Each structure stands twice: as structure tokens, then as C-alpha cells.
Amino acid sequence: MRDGMVTVAVTAVLTVLLPASTPAGPVSAADPALAAAVHAVAPAPAITHREERIDTPGGPVTTDVVVADLRRSGVQATLLTGATVGERATVAVHADRAGAAAALNGDFFDFARSNVPAGPSVRDGRALTSPVPPGRRLAPAVPGSDPGDVLAVDDGGTPRIDRLVLDASATAADGTTLPIRTLNAYAVPVGGIGLLTPDWNGDRNATLCGSDTDRDAPCAPDRIEVAVRDGAVAEVRPPGTGPVADGEQILVGRDEGAAALRGLAPGDPVEIEHRMTAASGVPPRTAVGGSPVLRDGAPVPGLDAAVREPRSAAGITAEGRLILLTADGRESTSVGITLAETAEQLRRAGAVHGVNLDGGGSSTMVFRGQVVNAPSEDAHRAVPNAFGILAP
């Protein structure tokens, strides 16, 4: 059964009639009576929701579509998160906390472990996470995709499909520069160094376990962490667990990365710099990781056309409107859609570019305070982030 109330947008038409005392003779262009003679059409709502039933080769599917015009006053996209990158909540709770008019679950994440998103995330212009190695992204394969791919919105409210790359380093007093490969990521690449900030609260040692392709591979034999406070090394120690204190940054290293960090000692000055750079050159105010499935109005070639699942996706129209989409699945009345069909449904909704987001039990859409799709799990799944729309 579907939860909540279905909302259908209807464009209103307003007719303003001429006053009864309109003079019969010629009137000046500046005459108020002439200015009042209009037949005005009210603009379409800034944000709308609709439910649709579609037929697929595998059976019927119910989709929910939200369209938001980010060019309208008071309408804004935002990333919804908890206090730390691994703190989970249901999409409804995320939306309620922010007062969002609409919300959709976000990126794939390290489910039931660190619960940290797999890809880049940016909230209010501040980078929260960088991507994990390609083989550690828990998502269906999409041809041509990269772990840094995101749905992004800039300060001006323009959405785009972009690619974010972490540019980060730690520089010692002697000028030695150590490259930092990840920011608050659940998997540091083999031989690499990761940076954890107060946005992290979890097992720091676990970020140094597994391989670049296998999350269940053994932990690296050589692991270390360096705590940095006030621009200097405070402590060199084995990796621990728990929150990163305010004002503290922790460098975690494995293999060659651990060996490089052992060159630092307590009291050594160290400068840590990090930023996310966008392939477009436009810094994002909001970004969530997602795999592009629709580009320039055409589905990405080679998308899977066999596996049916509940799906969540987001797209961008040629006019810059944002489309949020869910497709229900794992039930007889709605069998889910494939990745190829996901791209087609985005295109059908008016998108020219689009990304696939986390699906399955995570797939949840909230509109005006209600869950409007039918998540496949009876208890709505808690997720670390969601893509929200703030609107009057």
C-alpha cells in the first residue's frame, strides 16, 4: 500500500475583467483602465508532485515525480545530513529537520558499517566527503561513470551534473608534502593517506581495511594515525575509534602512506589544506554523489536492462528545473525498473541530464511532509544524506 496523499499540480488561470466604466472612446496607453485590461495566466507552481503508473516489459510500475524550479524566489536545493557524515535518519526525518518541501534519498553508502556516503558530498558550500576508490563504491555499474560524479547546484541555483576531485595535502616544516587521497571517506586507497575531520564519528581504523576492490579483504598490516591540532602534530598513534574533536584533524595512513606519516613527530608543524575542485570550474553549494545515466537527452549506452529494483534518480531539464524520481519495486503491483528504464523515465519527465541515486530499500520520496512513494521496507530505511528542496 502507498503511504500519504498524492498531490497533482494544476496550473491556475486568472482572468481580470475590464471595469464596467471603461470609456468608449480612445484611451491613452498610460490610461490605468487600459493597463487593467489583461488576461493573465498565473505561473506554474514552483514545486509539484505527481504519481504515475507505467507499464514495462516486466510488469506495472508506480513512479513519483517532483519537479522544482530553482530559479524561483525562495526555492533552493540543499543537502540534508545529520551532525556527522555517518549519522543516519529516515528521509522524512531529514526533511522535517530542515523544513524541506521535498526530499529524496541520496548517495549509496557503507551500509551497516561506517554508514558514510560513497561519493562526494557538499553542504552549504563545504565539502563533507570525497569519493572512495572505484572498486569500493557500492552501486550498480554504470558505463563511463566515475566515483567523483555528482548532482550539483551552485550558488546561483543552477543544477548540473559535475565531477568533483579532492585536492589535499599535508606539508611539513621541511617542505615535504604528503598527498591526501580522501576526505572523511570510509575507504582509504591502498598505500594512501586519508583526512578525517570533526564531520567524522566512527571507526577510524576501519578506513584502512579492505582493498581497493574488496571491502572484506584484511586490514593493511601497517596502519597509523596522526592527530593535528593548532597547526602542529599533537600525537602519533594506532588508529582509534570515536569522534574527531573540534579543532582537530586526523591523518590516517596505510602501507606506504603509514610509512610517510611516520616521518612526523609530536610538536612538528604541519599545514593541512583541502578543497574539492569541480570539472565545470563552478564551485558547488550543494552536491550529492550519483552515477550519470542520461546525458544530452540520451541514455548512457550500455546501461543494464535486466535487473529490476526500486530506484531513485534525479534529472535536470533544458530550462534548469530539477526533477526527482522514485520507482517502486519488489512488489507485485510495482516490479521496479532497470537502469536503462531509469534513464528513459527521467527523459520522459523532461530531463536532458540525470543521475542514478541509491535505490532498493533506501528509495524514499517525501513531499510536503508525507512519504509519497512506497518504500520496499516496512520500516523506512535510515540514510546518511538526502537531497532536499526548500520552498515556500
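Reading guide: rules and limits
Residues numbered from 1 in each chain as written. Predicted model: local features only at pLDDT ≥ 70, side-chain atom pairs only at ≥ 80, totals over all residues. Heavy atoms only, no water. Buried < 20%, exposed > 50% of the residue type's maximum accessible area, 1.4 Å probe, protein only. Helix = DSSP H or I, 4+ residues; strand = E, 2+ residues; numbered from the N terminus. Contact = heavy atoms within 4.5 Å. Salt bridge = Lys/Arg side-chain N within 4 Å of Asp/Glu carboxyl O. Pairing = 2+ DSSP bridges.

Asker: I'm lost on helix α4 (residues 339-348) in this one. Help?
Answerer: For an α-helix, 3.6 residues make a turn, and residues three or four places apart therefore share a direction. Restricting attention to buried positions, one finds in α4 the residues Leu339, Glu341, Thr342, Ala343, Gln345 and Leu346. Each element contacted by the buried residues of α4 is listed here: β1 (47-56), β17 (291-295), β18 (298-299), β19 (311-317), β20 (322-327) and β21 (351-356). Positive phi appears at Gly350, one or two residues downstream of α4, with a value of about 115°.

Asker: It is not clear to me how the pattern of salt bridges should be interpreted in this structure. Could you clarify?
Answerer: Where charged atoms from two side chains of opposite charge come close, those side chains can pair. All chains considered together, the criterion is met by 25 salt bridges. In this structure, the salt-bridge partner of Arg137 is Asp107, at a minimum N-O distance of 2.8 Å. With Arg137 in the loop between β6 (126-129) and β7 (149-154) and Asp107 in the loop between β4 (102-105) and β5 (121-123), this residue pair connects regions lying 30 residues apart in the sequence. Look at Arg137 and you get buried, because its relative accessible area is 13%. For Asp107, a relative accessible area of 2% corresponds to the buried category.

Asker: Where do I start with unusual backbone geometry in this structure?
Answerer: Glycine aside, residues mostly have negative phi angles, and peptide bonds mostly take the trans form. Even without being glycine, Asn115 reaches a positive phi, approximately 65°. Within the secondary structure layout, Asn115 lies in the loop between β4 and β5. Here Asn115 falls in the buried class, since its relative accessible area comes to 13%. Here Asn184, not a glycine, exhibits a phi torsion of approximately 50°, which is positive. Secondary-structure assignment places Asn184 in the loop between β10 (182-183) and β11 (193-196).

Asker: What is the right way to look at the sheet that holds strand β12 (residues 223-229) in this model?
Answerer: Sheet strands pair via backbone hydrogen bonds, and the direction of the pair is either parallel or antiparallel. Taken together, five strands build an open sheet; the order of strands is β10-β11-β14-β12-β13 and the sheet is mixed. Two strands lie at the open edges of the sheet, namely β10 and β13 (232-237), each paired on one side alone. As paired strands, β10 and β11 are joined by two bridges and run parallel to one another. Note that in β11 the partner of Thr182 across the bridge is Gly194.

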